Amino acid sequence: MSLINEVIEVLEENQSLPVLSGLVLQMVKVDNWKYQYSALMALSQVGEYVDDVAEIDPIIKIILEFLQHPHPKVRFAAIQCIGMIAYDMKGDFAARYYQDVLPILINILNDSVQHVAGHNLSALTNIIESCSTEAIKPYITQILEPCITFLGSGCSFVKENALTLISTVAKNSAKNFIPYWQKTAEIVFGLLNNSTDKRYKGIRGHCIECLTLMGLGIGEEEFLKCA
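Predicted, not measured: the structure shown is a model, and the values here were computed from it.

Engineer: How should I be thinking about the overall build of the protein in this particular structure?
Structural biologist: A tally of helices and strands in the protein yields 12 helices and zero strands. Helices and strands appear in the protein in the N-to-C order α-α-α-α-α-α-α-α-α-α-α-α. When its C-alpha atoms are laid out on the principal axes, the protein stretches across 60 × 35 × 30 Å. Here the protein holds 227 residues, and the buried ones make up 49% of them. Restricting the contact set of the protein to residue pairs at least 6 apart, pairs at least 24 apart contribute 72%. Working note: accessible area of the protein is about 11,400 Å², and carbon and sulfur atoms make up 53% of it. Of the side-chain charges in the protein, 17 are positive and 25 negative, and the distance between the mean point of each set is 10 Å.

Engineer: Is there a simple way to explain the nonpolar core in this structure?
Structural biologist: One broad rule of soluble globular proteins: the nonpolar side chains tend to lie buried together. If you look at the biggest cluster of nonpolar residues, it comprises 73 residues, and the most contacted ones within it are Ile56, Ile63, Phe93, Ile127 and Met214. Ranked by residues supplied to this core, first place goes to helix 5 (residues 72-107) with 18 residues. Ignoring any residue separated from it by four or fewer positions in sequence, one finds Ile63 in contact with Leu40, Leu43, Ala78, Cys81, Ile82 and Ile85.

Engineer: Would you explain the pattern of salt bridges in this entry?
Structural biologist: Two side chains of opposite charge can pair, provided their charged atoms sit close to one another. Under the counting rule described, the total for this entry stands at four salt bridges. Its salt-bridge partner being Arg75, residue Asp111 comes within 2.7 Å of it at the nearest N-O pair. Remark: Arg75 occurs in helix 5 and Asp111 occurs in the loop between helix 5 and helix 6 (114-128); sequence separation between them is 36 residues. Exposure class is identical for Asp111 and Arg75. Each is buried.

Engineer: Help me understand unusual backbone geometry, please; the structure alone is not making it clear to me.
Structural biologist: Negative phi is the rule for most residues except glycine; trans is the rule for most peptide bonds. We note that Lys90 has phi near 45°; this positive angle belongs to a residue other than glycine. Mapped onto the elements, Lys90 comes out in helix 5. Positive phi values are uncommon outside glycine, yet Ala174 reaches one of about 55°. Mapped onto the elements, Ala174 comes out in the loop between helix 9 (156-173) and helix 10 (178-194).

Engineer: Explain the packing of helix 9 against helix 11 (residues 201-218) to me, please; I cannot follow it from the model alone.
Structural biologist: Between two packed helices, what matters for the description is the angle formed by their axes and the separation of those axes. At their nearest, the axes of helix 9 and helix 11 sit 8 Å apart, and the two run at 10° to each other. One way to sum up the angle between helix 9 and helix 11 is to call them roughly parallel. Touching Ser156, Lys159, Glu160, Leu163, Thr164, Ile166, Ser167, Ala170 and Lys171 of helix 9 are Gly202, Ile203, His206, Cys207, Glu209, Cys210, Leu213, Met214 and Gly217, all from helix 11. Among the residues making up the contact of helix 9 with helix 11, the classes are represented as eight nonpolar, six polar and four charged.

Engineer: Help me out: how do you make sense of the packing of helix 8 (residues 140-153) against helix 10 in this one?
Structural biologist: One way to put it is that helix 8 packs onto helix 10 with a least axis distance of 11 Å and a crossing angle of 20°. With respect to helix 10, the element helix 8 is oriented roughly parallel. As helix 8 runs across helix 10, the sense of the crossing is left-handed. In this structure, helix 8 contributes Ile140, Thr141, Leu144, Ile148 and Leu151 to the contact, and helix 10 contributes Tyr180, Thr184, Ile187, Val188 and Leu191. Looking at the contact of helix 8 with helix 10 residue by residue, the class counts come to eight nonpolar, two polar and no charged.

Engineer: I'm lost on the packing of aromatic side chains in this one. Help?
Structural biologist: Aromatic ring pairs are described here by two measures, namely the spacing of the ring centres and the angle between the planes. Going through the model one piece at a time under the given rule, you end up with four aromatic pairs. Arranged with centres 6.5 Å apart and planes meeting at 70°, the rings of Trp33 and Tyr37 form a pair that is edge-to-face. Of the two residues, Trp33 and Tyr37 both sit in helix 3 (residues 33-43), four residues apart, roughly one turn of that helix. On the accessibility criterion, Trp33 (28% relative accessible area) is partly exposed. A ring pair is formed by Phe93 and Tyr97, whose centres lie 5.0 Å apart and whose planes are at 50°; its orientation type is tilted. Here Tyr97 and Phe93 lie together in helix 5, a separation of four residues that amounts to about one turn. A residue is classified by how much of its surface remains accessible, and Phe93, at 0% relative accessible area, is buried. The side chain of Lys90 reaches across the aromatic face of Tyr87, ending 3.8 Å from its centre.

Reading guide: rules and limits
- Residues numbered from 1 in each chain as written.
- Predicted model: local features only at pLDDT ≥ 70, side-chain atom pairs only at ≥ 80, totals over all residues.
- Heavy atoms only, no water.
- Helix = DSSP H or I, 4+ residues; strand = E, 2+ residues; numbered from the N terminus.
- Buried < 20%, exposed > 50% of the residue type's maximum accessible area, 1.4 Å probe, protein only.
- Contact = heavy atoms within 4.5 Å.
- Areas by Shrake-Rupley, 256 points an atom, 1.4 Å probe, with all protein chains shown as cover.
- Lys, Arg positive; Asp, Glu negative; His and termini not counted.
- Charge placed at Lys NZ, Arg CZ, Asp CG, Glu CD.
- Core = buried A, V, L, I, M, F, W, Y, C linked by side-chain atoms within 4.5 Å.
- Salt bridge = Lys/Arg side-chain N within 4 Å of Asp/Glu carboxyl O.
- Axes fitted to C-alpha atoms, helices over the stretch in contact; angles between N-to-C directions.
- Parallel < 35°, antiparallel > 145°, perpendicular 65-115°, else oblique.
- Nonpolar A, V, L, I, M, F, W, Y, C, P; charged D, E, K, R; others polar.
- Left-handed = near helix turned anticlockwise from the far one by under 90°.
- Phe/Tyr/Trp six-rings, centres within 6.5 Å; stacked < 30°, edge-to-face > 60°.
- Lys NZ or Arg CZ within 6 Å of the ring centre and 35° of its normal.

See below:
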């Protein structure tokens, strides 16, 4: 990945990106998961070098096709693409693609491979943090339900990413999160109280952050009812 960055920096974007994109698009068509994985991981770098979000329309269409690939490493790479491009392009990506991307990512929250599911939680966080309050509103329930399931049964990596996603949804949903606040807070408090072993220090920190951001999102008046 660092080699790709160096090539782009040396040759400049307007020369290297068309060549790189052409090679990558050839690789994803090869019926071999290793080629597809490598190509998608390379594509995850392009957001850093693109100024006009419309330029990546063809790339996003290709990435979306691989989000439900049978091989978990290909799904992981496609999720990595979405997450990194969303992070690099911030609000521009979310504003243009959230309606296309969010339903698919939410649908694969139940991936059978926990590492893929956990990475998917991170990608969703990168998109949600740049979405407007109204854009998030239709998806709150669909996101919270699997996240709460993860808090009860996921590994530490998945639980921490689920807590971060809940925090981001709550913060950006503001008053729209009020109907979900008390039930979610009870579950997060339960996880906090049960994660006493020093191995779960990270989870405890994420729980505290999550409760704090939920409180900030719903506002002082609503928070005081449970304070």
